[in-house]
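Listed below are the residues making up each chain.
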Amino acid sequence: MSDLLFEVGAEEIPARFLALAQQSLRERAKRALEGGGFLFRELESWVTPRRLILYAYDLDFDPARAVVRKKGPATRIAFGEDGRPTPALLGFLRKEGGELSQVIHQDEYIYLEKRIERQPLELLADLLPPIVSGLPFAKSMRWGEGLWSFVRPVRWLVALWGREVVPLHLFDCQSGNTTFGLRFFSGTIHLDRAEEYRTTLEDHFVLVSPAERRERLEGSVEELAHEVGGEPLWPEGLLDELVFLHEYPTPFRATFPERYLELPKDVLITVMRHHQKHLPITEDGAELLPYFFCFREGPALGEEIVVRGNQEALIGRLDDAELFFAQDQTIPLAERVCRLSGISFQEKLGTLLDKTDRLCALVHTLGQTLVWDEEARSCAERTARLAKADLTTALVIELPELQGIIGRDYAQRQGELPEVAAGIADHYLPRYLQDRLPTSESGWLVGLADRLDTLGAFFAIGLEPTGSADPFALRRAGQGLLSLLLGKESNLSLETLLAQEAQILEEFGKSWLLSQTDTAPCDRLFSFLEGRLRFLLEEKGFAFEVISAAIAPRPLIPTQALERAERIQREWDNPSLEQLALSAKRMKNILRTANPEIFTLQPESLEPEAQSLLEAVLRTNRLDYSACGSMSNQPAAACDALWSALVELSPKVSLFFDQVLVLCEDRLRRESHLALLQKTQKLFGQFADFSALPF
Amino acid sequence: MNFQDLIFTLENYWAQRGCVIEQPYDLEVGAGTMHPATFFRVLGKRPWRTAFVQPSRRPADGRFAQNPYRVYRHYQYQVILKPSPTDVQDLYLDSLRAMGLDLKEHDIRFEEDNWESPTLGAWGTGWQVTLDGLEITQFTYFQQAGGYDLKPISAELTYGLERLAMYLQGARSVFDVRWQKDVRYGDIHRATEVEWCQYAFHQANPDRLWELFRLYQEEAGHCNEQGLVLPAYEYALKLSHTFNLLDARGAVSVAQRTDLIGRIRQIVRECARQTLERENV
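Every chain begins its residue count from 1, and numbering advances along the sequence as written. Chain letters and ligand numbers both follow the written order, the letters beginning at A and the numbers at 1. Residue-level local features of this predicted model are given only where pLDDT is at least 70; pairs of side-chain atoms are given and counted only at 80 or more, and the full residue set underlies all totals for whole chains, interfaces and linings. With hydrogens and water set aside, each side-chain value is computed from the structure's full complement of heavy atoms.

1. Focus on the domain arrangement of chain B
Where interface size is given, it is often the accessible area lost as the parts come together that is meant. Residue and element names in this part refer to chain B. Counted only if it meets this: Start and end positions for the domains come from either an automated domain assignment or a database one. By definition in these notes, contact holds between two residues if any of their heavy atoms fall within 4.5 Å. The buried area of a pairing is the accessible area, by a 1.4 Å probe, that goes missing from both parts when the two are put together, added over both. One side-chain nitrogen of Lys or Arg within 4 Å of one carboxyl oxygen of Asp or Glu is enough to make a salt bridge. Under this definition, polar contacts are N or O atom pairs within 3.5 Å; protein pairs additionally need one hydrogen-donor-capable and one acceptor-capable atom, and for neighbouring residues in sequence, both atoms have to be side-chain atoms. Counting from the N terminus, the helices are the DSSP runs of H or I reaching at least four residues and the strands are the DSSP runs of E reaching at least two. Here the term charged refers only to Asp, Glu, Lys and Arg, the term nonpolar to Ala, Val, Leu, Ile, Met, Phe, Trp, Tyr, Cys and Pro, and the term polar to all other amino acids, Gly among them.
In terms of domains, chain B is made up of domain 1 (3-200) and domain 2 (205-280). Relative to domain 2, the C-alpha centre of domain 1 lies at a distance of 24 Å. Counting residues at the interface gives 27 residues for domain 1 and 25 residues for domain 2. Counting the surface domain 1 buries against domain 2, the share from its top three residues, Phe 40, Thr 119 and Tyr 148, is 25%. Put simply, domain 1 and domain 2 have 0 salt bridges between them. Linking domain 1 to domain 2 there are 4 residue pairs in polar contact (both at pLDDT 80 or more). Mapped onto the side of domain 1 that touches domain 2, the elements with two or more residues apiece are α2 (36-39) and α5 (185-203). When its residues are assigned to classes, the side of domain 1 that touches domain 2 shows 16 nonpolar, 7 polar and 4 charged.

2. Let's talk about the packing of aromatic side chains
All names here are of chain B. We apply this condition: Aromatic rings from Phe, Tyr and Trp, taking only the six-membered ring of Trp, are treated as a pair when their centres fall within 6.5 Å; an angle between ring planes under 30 degrees marks them as stacked, one over 60 as edge-to-face, and anything in between as tilted.
Considering all chains together, one arrives at 47 aromatic pairs over all chains under this definition. When the centroid spacing of 6.3 Å and the interplanar angle of 70° are considered together, the rings of Phe 175 and Tyr 185 count as edge-to-face. Taken together, the positions of Phe 175 in the loop between α4 (161-169) and β10 (178-180) and Tyr 185 in helix α5 put the pair 10 residues apart, joining distant regions of the chain. Here Tyr 216 and Tyr 235 contribute two aromatic rings whose centre-to-centre distance is 5.9 Å and whose plane-to-plane angle is 40°, an arrangement assigned as tilted. Linking Tyr 216 in helix α6 (residues 206-225) with Tyr 235 in helix α7 (residues 229-248), this pair joins segments that are 19 residues apart in sequence. Following the ring pairs from residue to residue traces out a cluster consisting of Tyr 77, Tyr 92, Phe 110, Trp 127, Phe 139, Tyr 141 and Tyr 159.

3. As for the sheet that holds strand β5 (residues 67-74) of chain A
Residue and element names in this part refer to chain A. Spelled out, the test is: Two strands are counted as paired when DSSP detects at least two bridges linking them. Axis lines are fitted to C-alpha atoms, over the contacting stretch for helices. Their N-to-C directions set the angle, which ranges from 0 to 180 degrees.
Strands sit in the order β5-β7-β6 across an open sheet of 3 strands; the sheet is antiparallel. Here the strands that pair on one side only, and so sit at the sheet edges, are β5 and β6 (104-106). Strand-to-strand twist across the sheet, computed as the mean angle between neighbouring axes with direction ignored, equals 35°. With 3 bridges joining them, β6 and strand β7 (residues 109-115) adopt antiparallel strand pairing. Bridge assignment links Ile 104 to a residue of β7, and that residue is Tyr 111.

4. Some thoughts on the interface of chain A and chain B
Counting from both sides, the interface comprises 43 residues of chain A and, opposite them, 43 residues of chain B. Summed over both partners, the interface of chain A with chain B buries about 3700 Å², with 49% contributed by carbon and sulfur atoms. If you look at where chain A meets chain B, you find 6 salt bridges. One salt bridge in this structure joins Glu 111 of chain B and Lys 277 of chain A, with 3.0 Å as the shortest N-O distance. Applying the counting criterion to the chain A and chain B interface returns 23 residue pairs in polar contact (both at pLDDT 80 or more). Here the residues of the side of chain A that touches chain B sort into 16 nonpolar, 10 polar and 17 charged.

5. Quick notes on the nonpolar core
Cut-off, in case you're wondering: To define a nonpolar core, start from buried Ala, Val, Leu, Ile, Met, Phe, Trp, Tyr and Cys residues and group those joined through side-chain atoms within 4.5 Å. When accessible area is computed with a 1.4 Å probe and restricted to protein chains, residues below 20% of their type maximum are described as buried, those above 50% as exposed, and intermediate ones as partly exposed.
Leu 52 and Leu 124 of chain A together with Trp 14, Tyr 92, Leu 96 and Tyr 159 of chain B are the most contacted members of the largest nonpolar core, which has 168 residues in total. The biggest single contributor to this core is α7 of chain B, with 9 residues. In this structure, Leu 362, Leu 445, Leu 448 and Leu 485 of chain A belong to the second largest nonpolar core, which totals 89 residues.

6. So, the sheet that holds strand β15 (residues 249-255) of chain A
Residues and elements named next belong to chain A. Ordered in space as β14-β16-β17-β15, the 4 strands form an open sheet in which the pairing is antiparallel. In the strand order of this sheet, the two ends are held by β14 (231-232) and β15, each with one partner. In this structure, β14 lies alongside strand β16 (residues 279-282), joined through 2 bridges in antiparallel fashion. Bridge assignment links Pro 232 to a residue of β16, and that residue is Ile 281.

What follows is the structure, given as structure tokens:
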């Protein structure tokens, strides 16, 4: 048995695609090889900027497994009542050239399996190229004559099974046993057998495994940082990026003049990280040292030259930043707010100053609704006023990814309260689905209001996302809004939020509201947010039906919806849940024609089972869980209490349905039954639409 | 290597590889891509290889000659290889060797950087090439121009001549670059840089520029109607430069920006359409 090597050599593949490529490569190869009758001891995939590699240890071919499966007729059609094959089955066998004795029964269908009569090398030649050509890349391109599309042009192929070349094509390349080491450090390399691939490439300065490159990077950086009494300060994602940017990464330690340390720390980090892919060094996790790491591809040659170039490049950018920073200091944030009138938010929605005014008003109202104390509210309002002011600073114009961060830094320098400064930075969080949430209260509230205002305003002028088009990133704003709500034990309902936003829009935006009496934008925004909530819950792993059940109660309070979804998930195997679901379905069916009519309930007309249910419903109702839920700020407790009550109630409902003829002859009694069921349904509905569950 | 020798080196290098050595276009452009020898030649099926210097103006990048890297007007060296050859990366790397760089001593990388020009309705995938951390070249496989899918695909190499010269000479500022042995870049361009910035940031008259924008647009439309593609395109270039001036002056809001770019793109698209139509006849 020999190993299989498949190396696809390409022009530099973007680093951001490689992690996923490595994973899909392995998954796709596993499926294809196993499906094609191949066995192996282990399968690995490796990636570098210039290579996509598959490697199977001890690959073997088992002809018995090399089969194609053909689907025939359903079993019930294939055989007559007498158990004999029908013409349908006989036709299928004739067409596929199979015998009756060979048929396989599975999942109520007939299958035939046929041997693939081909040489394993030929099979591999067919099976390997699609594994790579079908890899999912977020952006692909064409090259040369423009006949093919892939992430980057493919330039060479190595396909070896032990000593044998697997003769295959991919795009305009033909496989062989010739590969290349690191650019500039190696010519062509002829491989005698697959097994020598990894060590040969390592000798030519290519570490094919990302894990090895990561180790090399982390280890050497750590050591070099210690020499100057510091630690590497790995910004988010940089290590991954470096791993996928190099075939053989070597770090060099470099310095920059100390005076740049007077710039805001985040400016230094951003310039290093995003513009130069440099790694900052910190003294104690907080303060930066005037050192950084730059990286070169290949062995540690030309250190002086590479370091000097990188220093110059970094200093050039820091010079620019220093100039802008000095310019910015002449006008404090508070005075910058009025300059927001020079930046358009959206043509019909006015400027960022208009937006800021709405934001302040909304934060004021929401602060009252949440009954925050005086101090917290005034902090949040100050945060709202200053939140966007840094967009007028030269540094943010130059480094837009620092919006909020620069605001925080300047606010601190200018003596704003720490809570306000933190809030200015925080209100942009979460920026994407898995991002962190604000830690400051004011950042949370301003972030909530900011997104609510953006959504309300865009919906009011009819610019809603349609299909895949969402030019103003409103879906992300919606997700952000809901993540904020879910991330804190607030019991704000979407209804309350939308009502407050509508009021603010009416106060501030009379001129551009579609129509002041038109409630349609508000309704559409509600369904939109409901959809986003559904999406977030799906992301958290809840089943579709569980979500439908949990988000049905009104008012729609996202934190409670989440609690209820969790509870339903947890109780999945509890027979009470099934009972509740079945009862809910029966109620729904019976009441489908009766609702929305209101019936009178005459308790004295009811049978004992019905009376017992009524008493239980009334008892539960008196507890008033919805109020308890929305005011107590303890969604979990409210949810628990209501759940227990429903579990207790559930057998009574079942008993009622089993023992009582609901639609009986006697009109008074029939209407009392229906009225009782309406009450019960309403009570169920406070927790969830149980009828949506698949029992 | 003096600035002018760098240009000679590239001219010779690419001439030997079958490129037509064109001359700079005589209108204000933001990049070599806007030169008709690029824009029109990448459309359609005919193979084409060209190389040329293109002075490029980007008013918003002006820094009154105070920044070591950023200038109002800089020089690009533009190469178009259509269709892109299989050894295009090696051809490029050899051009760096021709400048006397020992590539083992340096860190050269191809980092993803996808290029897009909304005004030209053009985009491509590729890299920025960095030399020891400094961006020296934009390397692009054109995918679309004028809104049309391209086939075959052209490779575009755009060298930043100032950056390269600074690096090769170890100059701290673009203005210190030796143009030839006793004339510096600053001797030729410092005063004009300051004047242009003074104009673009403080003196340009937005009302008149808006008026020019309107007039150029009308003239471009008129030319296109008459089937005069190149004159129409030239007015699109003027529109693009006028837009850049308005932008540098801070006279364009975010919403207007999309609209103005859209108007220029429409003209360019029409130019591309007519060009392709003629080729297919």
